[in-house]
Structure formats: C-alpha cells, structure tokens
Amino acid sequence: MNLKELTAFIAAEFRKTYGRAPRWIAAAPGRVNIIGEHTDYNDGFVVPMAIEFYTIMAADQRADGKGIITFRSTSQPDAATVNLSQLLKPAAPKWGNYPRGGVAGFLARGVKLGGLDVLLHSTVPLGSGLSSSAALEVATATLLEAVTSKTIDPVEKALLAQKAEHDFAGVPCGIMDQFISALGREGHLLLLDCRTHKTKLVPMSDPSVALIIINTNVKHELSGGEYAERRAQCEEAARNLGVKSLRDMTADQLDKNKGKLSELVYRRARHVIGEIERTLHAAEGIRASSWPSVGNLMYASHTSLRDDYEVSCAELDIVVEIAEDIGYKDGIYGCRMTGGGFGGGCVALVKTDCVDAITKKIAADYKTKTGIEASIFVSRPAAGATILQN
Ligand code: GLA
C-alpha cells in the first residue's frame, strides 16, 4: 500500500475501532542501511535510506475527556494505555513502550497533552532489521506534533525518538534509524555524520540500478543483550586507546596500538574503523555511479560484520553467498546484512534489468538451503515522516 492507500485504510480501521473518524493522521517510514553498520554509536558515518514501508497512526481526542491515551494496533490484541496524571514508565504490553516513550519525550519538553484514542498500523516487517521500532517512535512523535500543533526540529525529533528506545525499550541504539525515519528524502540516500548530525544528500537516481531487500524471516531482538555488549566493547576499545570514540582512530593507529586491546576487542574496533572508511568511499562511489566498487565495499562490510564484529547469522551468510554465486555477470554488484544483525535482512545492489530473475533465484536457493521462505522486495528511497491529516 502506498501512503494514500494507507491513509484511507487507517481512517476506515479507526472508524471501525472507535466508531468515529480520526482527526489527525501521521506516518513514518522504516529504513534500510546501505552501508555503515554499527558505526553510528561510534560517532561514525552511515548511508541509510527511508523505504516505502510505514507505520501510520490515526488519532482523535477522547470522547470522555479523561487524561488517558489509548494506543491500539491493527496487529496486536492488547491496547497500551498512558495515564497522563501518572509518571510514565515501561509497562505491558511491550510494543506500547515505543509510543509511550514518544509521549514521554513530549511531556519532557513541557508540551501539554490531553486524552487521545490512537490506532496504528505498520507495513514495516517486524524484526527484519528495517527499523520497525524507529518508525513507530518517529510516527508517534509526528502524530503528537499534529495533535499539539508544536513542530519539533527533525533532528530533535530523531533524538526524542532515540531516547524513547533507550529509556522505554531498553535498547542503547545509535541515532541512525530514528534520524533517517525523520529526515529521509525521496530519491536520496543520506550520508549522516553521527557525531555532528550533519547530513549530505546522496542522489540515488541512476535508473540502471536498484536495491533489493531480502528478509531472511529469522527474527532478531536487539534487546537480547548482544547489541549492548558490542557497544560496551567499542567503548572499552576507545577508552584503552585514549580516544573519545573509535571515529578518532585510523586503521594504522589501531594496528600500532593493538597491544592495548584484547584480541576480541581489537577485532570489534577493526570492524568499526574499517567500516567508517568503507562508508565514506561507498558514498563517493554512489555519487559517481561506480557500482562495482560500491558492491565490493558492501561485500567487504558483510565479511567484517560476520568475522570481526560477529553479528551475522547462518541465514544472512547464506543470502550473501547466494548473491556472490549469482555474481556480477548476472546482475548483482554487492550484498550485505543490514541493520543490527542476528537475523533480519540483507540489502543487495543489483542491475534493474535483472531484478526479477535475481529475486526468483535468491528465493529458490534460500528455500533449498534453509527450508525458510524469504520475503524479498524492492524499494526506492522514500521521504521521511509526514503529517497526512491535520
Ligand atoms: C540498530 C540500531 C542502530 C544501529 C544499527 C547497526 O538498527 O538501532 O542505531 O546501531 O543497529 O548499524
């Protein structure tokens, strides 16, 4: 469903759920990261794009005037409620913590909120590494902008959404996902400097190439602890190397100082430092339409994530192997896992003419090798969060 269809859909569902039309509607997209994985919380660079998959939310003032916000989802049996006269804390159901965190961000900025009935629907596949959680947080903040008529600077909105994830979902994520969901631009990737929050738009308009997203349908849960562990290992590396963050080290400097780190932490740092360099090269390559070299950087990123950072899994590796087998001659430039890892999806850079054949081949080979059906789709770079009805 495109945004227009989704708007009609959520309005109709809202009517069925609450017996009246919604007053406000807002949406925020998921994202796919082309390159720059596990670099954002090291002050590094990332090159994500927003995808044409969204969390859409509709709301109206409560009919009874109570200071309670009720969030319902088209895919969840239980409603999540926020009592505005009580201190906000994480609570059951778990999915409600993302919108709860968004509400907390508004209250923390001194914005007054009244009771609301809210319904949400998401087309971002859950646990696929496509940032369904960031889409939900940013959609909440965008909806509340419409409700309160208070516009928040998009960078601040991304930070508000990131804090929602830290404080309410317990995942110490970086800024990439929320940032691209809030600031994505149609037809463009974003080169984001995660230290300064400065962005450069990278046009992705060459019709000869397309990005395919392959969801392994192996679910990931970043709150499992591995993500926080990787982040802590990077912080340990930076501390022992005497720098503020791994962004401040080159590969040469790291090698000279190898003795200051355990073997494991050295490999983690090697991934991050190498990935930051690859990301900057890839952004240049995309600008110059040097697709074979961008593809090679994507493969190198995957190898590093698999071997040094150890966040891949068997199914993601199988997808990348299938892509390598198909190869350049049959239209694949590069492929890598995308997002936090431990399941989720891969992104492949391919020749547009070959999309159909490649999709069929990956689906068939993946099924043979794993017994699992992959979900495969193509997305153009989409715009970031938007108010659809005000
Ligand atoms: C998750 C986090 C992001 C980022 C990626 C890995 O998606 O939410 O902040 O760290 O993992 O690149």
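Criteria and thresholds
- Residues numbered from 1 in each chain as written.
- Predicted model: local features only at pLDDT ≥ 70, side-chain atom pairs only at ≥ 80, totals over all residues.
- Heavy atoms only, no water.
- Helix = DSSP H or I, 4+ residues; strand = E, 2+ residues; numbered from the N terminus.
- Rg over C-alpha atoms; globule rule 2.2 N^0.38 Å.
- Buried < 20%, exposed > 50% of the residue type's maximum accessible area, 1.4 Å probe, protein only.
- Areas by Shrake-Rupley, 256 points an atom, 1.4 Å probe, with all protein chains shown as cover.
- Lys, Arg positive; Asp, Glu negative; His and termini not counted.
- Charge placed at Lys NZ, Arg CZ, Asp CG, Glu CD.
- Pairing = 2+ DSSP bridges.
- Polar contact = N/O pair within 3.5 Å; in protein donor to acceptor, adjacent residues only side chain to side chain.
- Axes fitted to C-alpha atoms, helices over the stretch in contact; angles between N-to-C directions.
- Contact = heavy atoms within 4.5 Å.
- Parallel < 35°, antiparallel > 145°, perpendicular 65-115°, else oblique.
- Left-handed = near helix turned anticlockwise from the far one by under 90°.
- Nonpolar A, V, L, I, M, F, W, Y, C, P; charged D, E, K, R; others polar.
- Domains from an automatic or database assignment.
- Buried area = accessible area lost by both parts, 1.4 Å probe.
- 1 Å grid on protein atoms, 1.4 Å probe; cavity = no way out; pocket = protein on both sides within 12 Å on 5 of 7 lines; lining within 4 Å.
- Points joined across faces, edges and corners; volume = space filled by probe spheres on them.
- Near = heavy atom within 4 Å.
- Sits in = over half its atoms within 2 Å of the grid points.

**Student:** Quick question: what am I supposed to make of the overall build of the protein chain here?
**Tutor:** The number of helices and strands found in the protein chain is 11 helices and 12 strands. Expected size for 390 residues packed as a compact globule is a radius of gyration near 21 Å; at 21 Å, the protein chain falls within 12% of this value. Considering only C-alpha atoms, the protein chain reaches an extent of 65 × 50 × 40 Å along its principal axes. Per-residue burial over the protein chain gives 57% buried out of 390 residues. Accessible surface, the protein chain: about 15,800 Å² in total, of which carbon and sulfur atoms supply 50%. Side chains of the protein chain carry 44 positive and 45 negative charges; the gap between the two charge centres is 5 Å.

**Student:** Explanation requested: the pairing of strand β10 (residues 345–351) in the structure shown.
**Tutor:** On any regular strand, side chains alternate: one points to one face of the sheet, the next to the other face. Burial runs high along β10: 6 of the 7 residues are buried. As judged from the 7 bridges shared by strand β8 (residues 209–215) and β10, these two strands associate in the antiparallel manner. Bridge pairing links A210 to V350 in β10. Of the pairings in the sheet, the one linking strand β9 (residues 332–338) to β10 comprises 6 bridges and is antiparallel in character. Note that in β10 the partner of I332 across the bridge is V350. Hairpin remark: β9 followed by β10, antiparallel, with 6 residues in the connecting loop; positive phi at G339, about 90°.

**Student:** Explanation requested: the side chain of D60 in the structure shown.
**Tutor:** In this fold, D60 is placed in strand β2 (residues 45–61). In terms of polar contacts, D60 uses its side chain to reach the side chain of R20, at 2.7 Å.

**Student:** I'm lost on the sheet that holds β9 in this one. Help?
**Tutor:** Backbone-to-backbone hydrogen bonds join strands into a sheet, with any given pair of strands oriented parallel or antiparallel. Pairing is antiparallel in the open sheet, where 4 strands are placed in the order β9-β10-β8-β11. Every interior strand has two partners, whereas the edge strands, β9 and β11 (375–378), have only one. Taking the axes of each pair of neighbouring strands and ignoring which way they run, one obtains an average angle of 20° across the sheet. In the packing of helix α11 (residues 355–370) onto the sheet, contacts are made with β8, β9, β10 and β11, and the angle to β8 comes to roughly 20°.

**Student:** I tried to follow the packing of helix α2 (residues 97–108) against helix α4 (residues 154–169) on my own but got confused; where do I start?
**Tutor:** The packing of two helices is summarised by the inter-axis angle and the distance between the axes. Their axes nearest at 8 Å, the elements α2 and α4 cross at an angle of 120°. Regarding the angle of α2 to α4, the classification is oblique. Two packed elements cross with a definite hand, and for α2 against α4 that hand is right-handed. Side by side, α2 and α4 meet where N97, Y98, R100, G101, G102, A104, G105 and F106 of the first sit next to L160, A164, E165, F168 and A169 of the second. Counted by class, the contact of α2 with α4 contains 7 nonpolar, 4 polar and 2 charged residues.

**Student:** Looking at this structure, how should I read the domain arrangement of the protein chain?
**Tutor:** Frequently, the measure chosen for interface size is the accessible area removed from exposure when the parts meet. Split into domains, the protein chain comes out as domain 1 (3–204 + 382–389) and domain 2 (209–379). Taken together, the contacts link 43 residues of domain 1 with 50 residues of domain 2. Interface of domain 1 and domain 2: buried area, both sides summed, is about 3,700 Å²; carbon and sulfur atoms make up 65% of it. Contact with domain 2 buries area across many residues of domain 1, yet I35, E37 and H38 alone supply 18% of it, more than any other trio.

**Student:** Before we go on, may I ask you to explain the layout of surface pockets in this structure?
**Tutor:** Unfilled space is identified by rolling a water-sized probe across the atoms. Taken as a whole, the largest pocket spans an internal volume of roughly 960 Å³. As for the largest pocket, its lining consists of 44 residues, of which Y98, L126, G127, S132 and S133 are closest to the centre. A breakdown of the residues in the lining of the largest pocket according to their chemical character gives 15 nonpolar, 21 polar and 8 charged. For the lining of the largest pocket, the two domains that each supply at least three residues are domain 1 (3–204 + 382–389) and domain 2 (209–379). Contributing to the lining of the second largest pocket are 22 residues, with E52, G187, S379, R380 and P381 lying nearest its centre. The set of elements that each furnish at least two residues to the lining of the second largest pocket consists of β2 and β8. With 3 residues, β8 is the single largest residue contributor to the lining of the second largest pocket. Of the residues in the lining of the second largest pocket, the class split is 11 nonpolar, 7 polar and 4 charged. Two domains each put at least three residues into the lining of the second largest pocket: domain 1 (3–204 + 382–389) and domain 2 (209–379).

**Student:** Would you explain the site of the ligand in this entry?
**Tutor:** Taken together, 13 residues are adjacent to the ligand, and E37, H38, D40, D177 and Y227 come closest. Separating an oxygen atom of the ligand from a backbone N or O atom of H38 is a distance of 2.7 Å. Y227 places a polar side-chain atom, nitrogen or oxygen, 2.6 Å from an oxygen atom of the ligand. When atoms are counted within 2 Å of each cavity's grid points, the one that captures over half of the ligand is the largest pocket.

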